[in-house]
Amino acid sequence: MELRDKVIVVTGAARGIGLGLCKRFAQESPQAIVMSDLECSSIVAAAESVGGEAVTCDVSLEEQVQRLVNDTLDKHGRIDLFCANAGIVLSGGVHASNDEWQRVMDVNFTSHLYSTRAVLPSMLERGEGCLMHTASAAGLLTSIGSASYAVSKHAAVAFAEWVSITYGNRGIQVACLCPQGVDTDMIKGGDPLSQFLQQQALSTEQVAEDVVTALREKRFLILPHGEVSRFLQNRASDHERWLKGMRKINRELLGGHDSIGDVEP
Ligand SMILES: NC(=O)c1ccc[n+]([C@@H]2O[C@H](COP(=O)([O-])OP(=O)(O)OC[C@H]3O[C@@H](n4cnc5c(N)ncnc54)[C@H](O)[C@@H]3O)[C@@H](O)[C@H]2O)c1
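Everything in this summary refers to the structure shown in the same document. Position numbers for residues start from 1 in each chain and track the written sequence from start to end. Local features in this predicted model are restricted to residues of pLDDT 70 or higher, and side-chain atom pairs are both shown and tallied only at a pLDDT of 80 or more, whereas totals for entire chains, interfaces and linings draw on every residue.

Before going further, it helps to spend a moment on the site of the ligand. The C-beta atom of each residue is placed using the backbone, and any residue whose C-beta lies within 6 Å of a molecule or strand is treated as near it. The environment of the ligand is made up of 28 residues, and the closest members are Gly12, Gly16, Ala86, Gly87 and Thr184. Helical segments are the DSSP runs of H or I of at least four residues, strand segments are the runs of E of at least two, and each set is numbered from the N terminus. With three residues, helix α1 (residues 16–26) is the largest single contributor of residues to the shell around the ligand. Just so you know the grouping, Ala, Val, Leu, Ile, Met, Phe, Trp, Tyr, Cys and Pro go in nonpolar, Asp, Glu, Lys and Arg go in charged, and all remaining residues, Gly too, go in polar. Within the shell around the ligand, the residues separate by chemical class into 13 nonpolar, eleven polar and four charged.

If you want it as structure tokens, here you go:
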């Protein structure tokens, strides 16, 4: 998809990757960039910096996602590209609370279902449109220290694949962004995993550049970190060996404290 004259919606656009995408998209002269996020003041400031339109929306609530889509369709007549980008990470695993698991699944996966459900009918009617899902390399591999992040991102990837397979023949382009570390607030913590990710972190500008290229080339999988493709092949070709390697990284990152990442009550 070429972005000139397009109507674009991005969630989680107040900062980080979402804001980086909007800044890069703006260079392609789209018709409108609708930028949404949780908090009013931060999304208004971000939208002003890009020349976008600010909308407050909690993506974990279906009625708010539906309103974001309906209001955009009312105002602009169509949505050409919807980027389901908002996401959160919480550490922990088996012993994390049900509320924490639910929150992460709602924001990182169910929100993608809500936005696709809301926007797909109008795209199918026109026979064109693009859905971009920000997942993560964690959705193809795993996430040391956060089971809910790994599981929710795997769900986001599986959902994006399913939509591509089911609607790709009807004019719907689907893309799935799966970076490793990106230099945003999400990996600013002092914990071992954040520090590990920071070492190879890409800038939001680099990621946004890859996204524009991949959308133009109609590519499904967007892997800004080249090594992720290699890790993916390792996982597919020898799962046992891959698990063994990941256990080693887990042990090294957590400094021998195997309970970190799954704090027992
Ligand atoms: N930073 C990384 O290393 C990295 C790597 C792979 C994937 N990702 C993914 O990229 C996406 C963007 O992350 P980021 O790194 O820019 O993080 P970030 O924390 O800088 O930005 C996330 C944005 O999402 C918003 N958000 C959170 N919950 C929301 C909700 N319920 N409704 C609406 N907005 C909400 C936040 O307010 C924030 O503006 C996420 O899906 C994340 O999982 C990030």
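Past the structure itself, the notes keep going.
Turning to the sheet that holds strand β4 (residues 81–84), a few remarks are in order. Judged by pairing direction, the sheet is parallel, and its seven strands sit side by side in the order β3-β2-β1-β4-β5-β6-β7 without closing on themselves. Each edge of the open sheet is held by one strand with a lone partner, namely β3 (53–56) and β7 (221–222). As paired elements, strand β6 (residues 172–177) and β7 share two bridges and run parallel to each other. Note on β7: the bridge partner recorded for cysteine 176 is leucine 221. Any pair of residues counts as being in contact when their C-beta atoms, constructed from backbone geometry, are within 7 Å of one another. Working convention: axes come from line fits to C-alpha atoms, limited for helices to the stretch in contact. Angles between N-to-C directions cover 0 to 180 degrees. The strands that helix α4 (residues 98–126) touches are β4, β5 (129–134) and β6; relative to β4, the one it contacts most, it runs at about 170°. Paired strands, as defined in this entry, are two strands with at least two bridges between them according to DSSP.

What follows deals with the environment of glycine 127. The topology assignment puts glycine 127 in the loop between α4 and β5. In this scheme the burial state of a residue depends on its C-beta neighbours within 10 Å: 20 or more other such atoms mean buried, 12 or fewer mean exposed, and anything in between means partly exposed; the C-beta positions come from the backbone. Classification of glycine 127 as exposed rests on a count of 9 C-beta atoms within 10 Å. Sequence-wise, glycine 127 and asparagine 169 are 42 residues apart; in three dimensions their C-alpha atoms are separated by 9.6 Å. When residues no more than four places from it in sequence are discounted, the contact partners of glycine 127 are Arg170 and Gly171.

Moving on, we get to the environment of arginine 67. Relative to the assigned elements, arginine 67 resides in helix α3 (residues 62–76). Measuring from C-alpha to C-alpha, the distance between arginine 67 and alanine 118 comes to 8.9 Å, with 51 residues separating the pair along the chain.

What follows covers the pairing of β3. When strand β2 (residues 32–37) meets β3, the two strands line up parallel, connected through four bridges. Residue pairing for β3: aspartate 37 is matched across the bridge by threonine 56. Crossover β2 to β3 through helix α2 (residues 40–50) is right-handed. A crossover gets the label right-handed when its path from the first strand over the helix to the second runs clockwise, viewed with the strands pointing away from the viewer.

To continue, consider the nonpolar core. Put simply, a nonpolar core is a cluster of buried Ala, Val, Leu, Ile, Met, Phe, Trp, Tyr and Cys residues tied together by C-beta atoms within 7 Å. Ranked by size, the top nonpolar core spans 69 residues in total, and within it Ile8, Val10, Met35 and Ala175 carry the most contacts. In terms of residue count, the dominant contributor to this core is helix α5 (residues 147–167) (eight residues).

Take the residue count of a helix, subtract one, and multiply by 1.5 Å to get its expected span. In a regular helix each residue adds 1.5 Å, so twelve residues correspond to 16 Å; helix α8 (residues 226–237) covers 18 Å between its end C-alpha atoms and thus fits that length. Along α8, only zero of the twelve residues are buried, which leaves the element largely exposed.

Interpretation note: all reported values are geometric properties and have no functional meaning in isolation.
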